[in-house]
Each structure stands twice: as C-alpha cells, then as structure tokens.
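# Architecture and fold: a report
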Amino acid sequence: MNEKTMANQSAQPGDDAHDPPMTLESCLSELRRAEETIAYQQRQLFQLETRYNTLFDSLDEGFCIIEVLFDANGQPRDYRFLKVNGAFEEQTGIRNPLGRTILEAVPDHERYWFEIYGQIALTGEAQRFEQRAAALDRFYDVFAFRIGNPKDAQVAILFKDIAERRRREEALRESEENYRVIVNQSIAGILKVDLQGNIIFSNEQFCRALGYELPELLSLGINDIVYPDDHERNRTAFARLASAGEAYEIEKRLVRKDGEVVWVNNHVSPIFDKEGLVVAATVVSIDISRQKALERQKDEFISIASHELKTPLTSIKVYGEILAGLMDPSVPPPIAQLITKMNVQVNRLVKLIYSLLNTSRIAGGELTLQVEPIDLNLLLEEHVLQGQLTTSKHRIVFDGAELPLVAVDVERLGQVMDNLISNAIKYAPDGGDVIVRAESNGDHVRVSVRDFGVGMPKGVQDKIFDRFYRVKGATTEAVSGIGLGLYICREIIGKHQGTMGVESVLGEGSTFYFELPVYTADS
Ligand code: ADP
C-alpha cells in the first residue's frame, strides 16, 4: 500500500483538509444542474405521456382507466373514470365521463360490472370477456387489467362494442338453422359429393331412404350405393359434371343397406370455387320406386292388352280385305263405301296395336333386328312414294345422294320413315313441301325429314321422344295420335347404333333427323 492510498483511507467525510471549500458559486451551479436534469426528465415524461395518449386516442377501441370504489364492507359498488380515450364516447354513448362515476352517468348499469372490476382490482388478475351492457344497449368485448399501486384500485380497460357483430352472427345462426331445418325436413334426399365420389354430406331423409346411419353413409362412396348395372351411366354423367361443370338429371337404382333396390330421380349440380373450378356436387334425390312400380304395371297391362287384341283384330282385318275383294259393280254403293271406310279404320287400329306391341317389346328388351347392308336411297324413295299416296295437300320431295352402305333392319327402318313422314304431314295441316334428304356425313349416313308446319317450342324438343308425350296445344289435340311414334323411332335407331334428334322453330316447321353408322365388313 502506498502513501497516497493510506492518506485517502484515513480521510473522513467533511475533512476540510482534502475537500475543496463549498462556495456559493459551486452551490448554485449544482442546483442549476439538478434543475436541468429535472426539466429534462419532465420533458421525457411529457413526451412519453403524449405518445401514449396519441396511441390510445388513435385506437378505434374504447380505453379508460377507472378507480374501483368499494363500500364500507369492502364490496365494489361503483367506479370512477380517471382517464378515457377519444373512442370512449362513441363506444359507450357516455359524454364527459372524466371525474364522474359510472352510476352517475348510467344509474342502471348492471352490478356485475363492479364485481368483475372489483375482483381485478383486488387480485391483479387480468380478464378478457364478452358481456352485455343492457343499460347502454351494447355488448362489449373487454380486456381489463390492474395498473399502478394495488391500493389505488385502478383498472385499465380496453373494450369494443360488438353488438353489431353479434347481431350478424345471430342472423347467420338463424339462417343456418333455417337451412338445416329445411334440408332435414325435405322429402328429397340431399347430398354433397366430392369429385372422387365420396359422400361428404347427407340429410336425414337420404339416410332414412337408404337405411344407413349418417356416419356409415359418410364413410361410403357413391359407387357403394349405386346399383351395379347403373354404374357406367352414372360415371359418364358425373365425369362430364366434374370436367365441364354440366348439371344433369338421372334416373337410376340405389341399393339400400338391407339390399333392397330403390329407384331414384337425381338432380346433380356442380359446386364451383371462387376461381370457377368444380370442387364438388350437390344431389337432390327423389324416390320414384312407386312411380316405377306403376309404370311396370302399365307396361304389363299394355303388353297383355295389345297381345290379346292383336289376334281378333288380325282376323277382322283379313275379313275386311276379303269383303273388299268380293266387291263388284253389283254391290250397292253405300255398302261398298262402308266397307272401304271400315277397312281404313281397321288399318288405323292395327297400326295402333302394333305401336303398343312395339312399346311393350322395347320395355321388355325384346326388340330384335334383322340387319342387312343396303343402299338407303331405294328404301327412302319407296316410303316417300307411299307417303305421297296419303296426301294431296303436301308435296313430298326426295333429295337423295350417293351413299355408302348401312346395315339396317328394312322393316324397322321403314317403320321409322313412315312415322316421320306421316308426322310431317299431320303436323303441317295447311300442306306444303316435305323434304326427305339423305346425305353421307363422314362415317355416318344422315337422313332428315323436313316440314314447314306448326313446329314446336325449344322446351319440349327433348321430351317428344318420351313415351306418351304429346306437345300440348290445339294443333296437336286436333291431330290423332298417342305419343308413341317418336319413342319407338328413337329406340329403333338406337338399336342400329344411331342417334336421332330434332331441330324445330315454333310456327316455322321441324326437321327430324337420324344418323346411322356406315357399314364395314367387321361392323
Ligand atoms: P303422336 O304423333 O302420335 O302424338 P309422336 O311420338 O309421333 O306421337 O310425336 C310426339 C309429339 O311430338 C306429337 O304429339 C307432336 O306434338 C310432336 N311432333 C311430332 N312430329 C312433329 C312435327 N313434324 N312437327 C311438330 N310437332 C311434331
């Protein structure tokens, strides 16, 4: 230890021998320095407070600091506003709150608010909650925490009126509930299916119809419940929906959990995402088993009736023809006329019975063909001539072309042509041209029958090929028919691997057409 430290160690505070003497000058400058420090700190504090005020004023949430007031028993009974931000008034509707208590501003304010804030002031535990303030007609989302010295019982509260949001949520809940009830009370089955065919939603009715519990059904794919024979048709239609967003309607069979088969008519529509891509499908499914059973009964009835009627009618037709053959000039004209008229009616009846027979054959899958490759021109010309014999009001024109061979059942295709030509005549009651055209169309031959008659509206053009469908209206009703002709035509063309359709404008006429594949040695 050297001398200097020894000297320092022995030095005592106030030891005048070492401290410089305190002059008035140095005292004042010390004081000034202290004043400057205080002023600096006050400026800092002020800046901090301004920043913090700006921050809270810029909030669109309400903010306030309160002092919780307790009664003599230590129960919280009111609170006083010590500080509020700019959004406070808008968030509460309370004006000039500073210094006032909540009960002075809102005498009916619920007591539970005091409980909550009192608890926070006492425990120091922050709380976040949502609570109605009925007297203020608000609903608040609140975050409150104690600040400052615990004995001051001060609580800072950050809050936001969410009444509007809750009203919207409530409305949403209500409308969801409405939809839920509608969907579940619907007599139609309602499903949502993803693009892989998994069932991702089902209403109660669909579960009931198939005898499954919901969780079981949701573990299945659509193929698990479609009857095997209908898979292919179903898959094709669903693939078009998935790739092109096409909605479709399909009649098919489903298999219940107990193995029973039910017929349904399904309307299937695509669900798109925001980019317009198909992401799933909704299915509205109606049980048509009863209708199908009735249809089957009707088919059976038609089948039996037409078979039973055919035999006696064929005899009557033969007798009528014999009678006509026996006619000579000695037969009185009124009798000859009656015989001719009778034969015309018998022929109509025979045609009708054959239509019915054909229909029941088609329904029973018994329509068979005897095909041979032919040039259609000859066949068409023959039927054009036959058609011309039945009318003097119309001119039936044949417009043929060089055609490749097609394999057809001559009898059946003749039936189709007779039907199309007689329809063209029937539904152009004022007469005019009927144009029968044949053309080669790549690997198909296309035949069309065009008339300039009544035509038909767009909406019915795919229905006229259904069984017993006739367009409603005075024109059709004035014309005899039962709505089977086109159904049979389409079935016959379908059996030939061909397609059939119509283009028509109401009041201007129609063009019925069919296309048949060109014959090749291996077809
Ligand atoms: P039918 O003629 O016995 O009623 P079809 O099956 O042949 O039965 O025709 C079905 C319906 O299609 C007809 O009732 C008619 O309303 C409509 N239709 C058929 N052909 C024509 C046509 N050439 N012009 C206008 N409507 C037609």
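Everything in this summary refers to the structure shown in the same document. (Residues numbered from 1 in each chain as written. Predicted model: local features only at pLDDT ≥ 70, side-chain atom pairs only at ≥ 80, totals over all residues. Heavy atoms only, no water.)

## Quick notes on the overall build of the protein
For clarity, the cut-off: The way it works is that DSSP assigns letters per residue, a run of H or I at least four long becomes a helix, a run of E at least two long becomes a strand, and they are numbered from the N terminus. Radius of gyration: over C-alpha atoms. The globule rule applied is 2.2 Å multiplied by the number of residues raised to the 0.38 power. Burial classes: relative accessible area under 20% of the type maximum marks a residue as buried, over 50% as exposed, and values in between as partly exposed (1.4 Å probe, protein chains only). The contact criterion used is simple: two residues touch if any of their non-hydrogen atoms lie within 4.5 Å. Methods summary: accessible areas were calculated by the Shrake-Rupley approach with a probe of 1.4 Å, and residue burial reflects only the protein chains presented. For the charge count, each Lys or Arg is scored as positive and each Asp or Glu as negative, with His and the chain ends excluded. Every charge is mapped to an atom, namely NZ of Lys, CZ of Arg, CG of Asp or CD of Glu.
Secondary structure summary: the protein contains 16 helices and 17 strands in total. Its C-alpha atoms give the protein a radius of gyration of 47 Å, clearly above 24 Å, the size a compact globule of 523 residues would have. Projected onto its principal axes, the C-alpha coordinates of the protein cover approximately 175 × 60 × 50 Å. Per-residue burial over the protein gives 36% buried out of 523 residues. Put simply, 55% of the contacts in the protein that link residues at least 6 apart link residues at least 24 apart. Counting every atom, the protein has about 32,000 Å² of accessible surface; 54% of that belongs to carbon and sulfur. Looking at the protein, you have 57 positive and 78 negative side-chain charges, and the mean spots of the two groups are 5 Å apart.

## Some words on the site of the ligand
Under the convention used in this document: A molecule or strand has a residue near it when one of that residue's heavy atoms lies within 4 Å. Whenever two N or O atoms come within 3.5 Å, that pair is a polar contact, provided that in protein one can donate a hydrogen and the other can accept it, and provided that, for residues adjacent in sequence, both atoms are side-chain atoms. Residue type decides the class: Asp, Glu, Lys and Arg count as charged, Ala, Val, Leu, Ile, Met, Phe, Trp, Tyr, Cys and Pro as nonpolar, and the leftover types, Gly among them, as polar.
In the neighbourhood of the ligand, 21 residues make up the surrounding shell, with Asn423, Tyr427, Asp451, Arg470 and Leu486 lying closest. A distance of 2.8 Å separates an oxygen atom of the ligand from a polar side-chain atom of Asn423. Ser510 is positioned with one of its side-chain polar atoms (N or O) 3.3 Å from a nitrogen atom of the ligand. Computed on the free molecule, the ligand has an accessible area of 530 Å², of which 97% lies beneath the protein chains in the complex. At the level of secondary structure, the elements contributing two or more residues to the shell around the ligand comprise helix H14 (410-426), helix H16 (485-495) and strand S17 (509-517). Among the elements that take part in the shell around the ligand, H14 stands out by supplying 3 residues, more than any other. Per-class residue counts for the shell around the ligand are 10 nonpolar, 8 polar and 3 charged.

## Description of empty space enclosed by the protein
For the record, the criterion: Whether a set of points on the 1 Å grid over the protein atoms alone is a cavity depends on a 1.4 Å probe fitting there but being unable to get out, while an open set qualifies as a pocket with protein on both sides within 12 Å along at least five of seven lines; lining residues are those with an atom within 4 Å of a point. Grid points are joined across faces, edges and corners, and a volume is the space filled by probe spheres set on the points.
Scanning the model with the defined rule gives 1 cavity of 30 Å³ or more in all. Taken as a whole, the largest cavity holds about 150 Å³ of empty space. Counting residues per element, the ones that place at least two in the lining of the largest cavity are strand S2 (76-84), helix H3 (88-92), helix H5 (112-123), strand S4 (138-147) and strand S5 (154-161). For the lining of the largest cavity, the class distribution of residues is 14 nonpolar, 2 polar and no charged.

## Regarding the sheet that holds strand S10 (residues 278-287)
Put simply, the rule reads: Should DSSP find at least two bridges between two strands, the strands are regarded as paired. Lines fitted to C-alpha atoms define the axes here, with helix axes fitted over just the stretch in contact, and angles between the N-to-C directions of these axes take values from 0 to 180 degrees.
If you walk across this open sheet you meet the 5 strands as S7-S6-S10-S9-S8, and the pairing is antiparallel. Edge positions in the sheet fall to strand S7 (199-202) and strand S8 (248-255), since each of these pairs with one other strand and no more. On average, each strand axis in the sheet is tilted by 30° relative to the strand beside it, whichever way the strands run. Contacting S8, strand S9 (261-272) and S10, helix H11 (residues 289-326) runs over the sheet at an angle of about 130° to S9.

## Observations concerning the side chain of Asp299
Here Asp299 shows up in helix H11. Not counting residues within four places of it along the chain, the set of residues in contact with Asp299 comprises Ser360, Ala363 and Arg467.

## Focus: unusual backbone geometry
Note: most residues except glycine have negative phi, and most peptide bonds are trans. Phi at Ala153 is positive, roughly 50°, even though this residue is not glycine. With respect to the element layout, Ala153 can be found in the loop between S4 and S5. Despite not being glycine, Phe468 shows a phi value in the positive range, around 65°. Relative to the helices and strands, Phe468 resides in the loop between strand S15 (444-451) and helix H15 (474-478). For Phe468, a relative accessible area of 31% corresponds to the partly exposed category.

## Overview of the pattern of salt bridges
Keep this limit in mind: Whenever Lys or Arg places a side-chain nitrogen within 4 Å of a carboxyl oxygen from Asp or Glu, that contact is recorded as a salt bridge.
Applying the stated criterion across every chain yields a total of 27 salt bridges. For Arg235, the salt bridge identified is with Glu232, shortest N-O distance 3.5 Å. Of the two residues, Arg235 and Glu232 both sit in helix H10 (residues 231-244), 3 residues apart, roughly one turn of that helix. For Arg235, a relative accessible area of 43% gives the class partly exposed. We note a salt bridge from Arg240 to Glu246, for which the minimum N-O separation is 3.1 Å. Classification of Arg240 by relative accessible area gives partly exposed; the value is 41%. Where salt bridges share partners, they join Glu251, Lys292, Glu295, Asp299 and Arg467 into one cluster.

## Overview of the layout of surface pockets
Roughly 910 Å³ of volume is contained in the second largest pocket. If you trace the second largest pocket, you find 21 residues lining it, with Phe465, Asp466, Arg467, Tyr487 and Glu491 closest to the centre.

## Quick notes on the sheet that holds strand S3 (residues 127-133)
Across the sheet, 5 strands lie side by side as S2-S1-S5-S4-S3; this open sheet has antiparallel pairing. Of all strands in the sheet, those bounded by a partner on one side alone are S2 and S3. Averaged over all pairs of adjacent strands, the angle between their axes in this sheet comes to 35°, without regard to strand direction. Sheet topology note: the S4/S5 ladder contains 8 bridges and is antiparallel. Residue pairing across strands places Arg146 opposite Val155, the latter belonging to S5. Each of strand S1 (62-70), S2, S3, S4 and S5 is contacted by H5, which is oriented at about 165° to S3, the strand it contacts most.

## Some words on the packing of aromatic side chains
Which entries qualify depends on this criterion: Side-chain rings of Phe, Tyr and Trp, where Trp is taken by its six-membered ring, are said to pair if the distance between their centres is within 6.5 Å; with planes under 30 degrees apart they count as stacked, over 60 as edge-to-face, and otherwise as tilted.
Counted under the stated rule, the structure contains 14 aromatic pairs. For the pair Trp113 and Phe129, a centre-to-centre distance of 6.0 Å together with 50° between the ring planes defines the contact as tilted. Here Phe129 lies in strand S3 and Trp113 lies in helix H5, a separation of 16 residues in the sequence. Relative accessible area serves as the criterion here: at 2%, Trp113 is assigned to the buried category. Since its relative accessible area comes to 13%, Phe129 is described here as buried. Seen from their ring centres, Tyr140 and Phe159 are 5.4 Å apart, and the 90° between their planes marks the pair as edge-to-face. Remark: Phe159 occurs in strand S5 and Tyr140 occurs in strand S4; sequence separation between them is 19 residues. In this structure Tyr140 comes out as buried when scored by relative accessible area, which is 5%. The class of Phe159 is buried, set by a relative accessible area of 6%.

Keep in mind these values describe shape, not function.
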